[in-house]
Amino acid sequence: MTTETLTSPPVTHTPATRGLLVCGVAAGPLFVGLTVVQAATREGFDPVVHPLSLLSLSGLGWIQIANFVVSGLLALAGAVGLRRSLAGGPASKWGPRLFGLYGIALVWGGVFVADPAFGYPIGTPDGAPAEQTWHSILHAFAAPGAGLTLLVACFVLARRYRLDGLTAWRTACYLVPALYVALTAISFAAADYRWMLTGGAIIWLWASAVELQRLRAR
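This is a predicted model, so every value here is computed, not measured.

> In this structure, what is going on with the packing of aromatic side chains? I would like to understand it.
Taken as a whole, this structure holds eight aromatic pairs when the rule is applied. Taking the centre distance of 5.6 Å and the plane angle of 35° together, the rings of Y161 and W169 count as tilted. By relative accessible area, which is 26% here, W169 ends up partly exposed. Three or more aromatic residues joined by ring pairs form one cluster here, namely F31, F68 and W204. If you follow R97 out to its NZ or CZ, it ends over the ring of W94, 4.9 Å from the centre.

Rendered as structure tokens:
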């Protein structure tokens, strides 16, 4: 009969691994920060009625497209660093894989752009478009893809933190998905996309915090 080990393998970080983890740390703050700045300053954009995907439209849409792609590539690099850092034990395989899928979802959101809708960009009719283009349909998979992969990652990493005795981090792994789901539900109930953006920001920043925790691990 086997018993579960109570500690994770010792941490060994090469300069390359540390660089990859730094990329993962940067991904969340970059994506959230640039999205919030654009939502607050973009002419005609109302964060109450316009989802963040619409920032990829208009003459300045290239900024959000680049934000999706660059943040996604940083998250992918961070996933590689996470795989090297975890080195074995619980979450060492599926944790990085889920973080990698999160990065792919962000890149996907930048490559396939949403259709104009709800009066944005300026001059677009109110309401959803009568028909969606193929790239808008594909874009629609980005947000749930990123959210669901990180939701699962929370529970995968909670087991790792339990074995490492990191109670606060384990608690966060349960609290973050609860907040994410609750805020998303509130967003739909209140017809206010700011709640959804807040929930997304929490889980995206959690992912970067995990990378930072591994970067500082001894």
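> What is the right way to read the pattern of salt bridges from this model?
Pairing between side chains becomes possible if they bear opposite charge and their charged atoms approach one another. Per the stated rule, a full pass over the model turns up two salt bridges. Across the salt bridge formed by D192 and R194, the nearest N and O atoms sit 2.7 Å from each other. Residue classification places R194 among the partly exposed positions, given a relative accessible area of 44%.

> Teacher, can you tell me more about unusual backbone geometry here?
Where the residue is not glycine, phi is negative for most of them; where a peptide bond is considered, it is trans in most cases. The step from Y120 to P121 runs through a cis peptide bond, and the omega angle for that step is 0°. You can see P121 is positioned in the loop between α3 (94–111) and α4 (134–139). Of note in the backbone geometry, S58 takes a positive phi value of approximately 75° without being a glycine. Structurally, S58 is set in the loop between α1 (15–41) and α2 (61–86). One non-glycine residue with positive phi stands out, namely A91, at about 70°. Residue placement: A91 occurs in the loop between α2 and α3. Given the relative accessible area of 11%, A91 is considered buried.

> Could you clarify how one ought to interpret helix α6 (residues 167–190) in this entry?
The first and last C-alpha atoms of α6 sit 34 Å apart over 24 residues, in line with the 34 Å expected at 1.5 Å per residue. For α6, every residue scored as buried is listed here: C173, V176, P177, Y180, L183, T184 and S187. Those residues of α6 that are buried are in contact with α5 (142–164) and α7 (193–216). A positive phi of about 55° marks A191, the residue just after α6.

> I tried to follow the nonpolar core on my own but got confused; where do I start?
What tends to happen in soluble globular proteins is that the nonpolar side chains get buried as a cluster. Ranked by size, the top nonpolar core spans 32 residues in total, and within it F99, Y102, L150, L157, I203, W204 and W206 carry the most contacts. Ranked by residue count, the leading element in this core is α5, at eight residues. Ignoring anything within four residues of it in the chain, the contact list for W204 reads G28, F31, V32, L52, Y102, L150 and L197. Counting eight residues, the second largest nonpolar core, distinct from the first, contains A39, L54, L55 and V113.

> Just checking my understanding: could you explain the environment of G24 for this structure?
By secondary structure assignment, the location of G24 is in helix α1. What makes G24 buried here is its relative accessible area of 5%. Between the C-alpha atom of G24 and that of G78, which follows or precedes it by 54 residues, the distance is 3.7 Å. Among residues more than four places away in sequence, those in contact with G24 are L74, G78, S208 and E211.

Cut-offs applied
Residues numbered from 1 in each chain as written. Predicted model: local features only at pLDDT ≥ 70, side-chain atom pairs only at ≥ 80, totals over all residues. Heavy atoms only, no water. Phe/Tyr/Trp six-rings, centres within 6.5 Å; stacked < 30°, edge-to-face > 60°. Buried < 20%, exposed > 50% of the residue type's maximum accessible area, 1.4 Å probe, protein only. Lys NZ or Arg CZ within 6 Å of the ring centre and 35° of its normal. Salt bridge = Lys/Arg side-chain N within 4 Å of Asp/Glu carboxyl O. Helix = DSSP H or I, 4+ residues; strand = E, 2+ residues; numbered from the N terminus. Expected span 1.5 Å × (residues − 1). Contact = heavy atoms within 4.5 Å. Core = buried A, V, L, I, M, F, W, Y, C linked by side-chain atoms within 4.5 Å.

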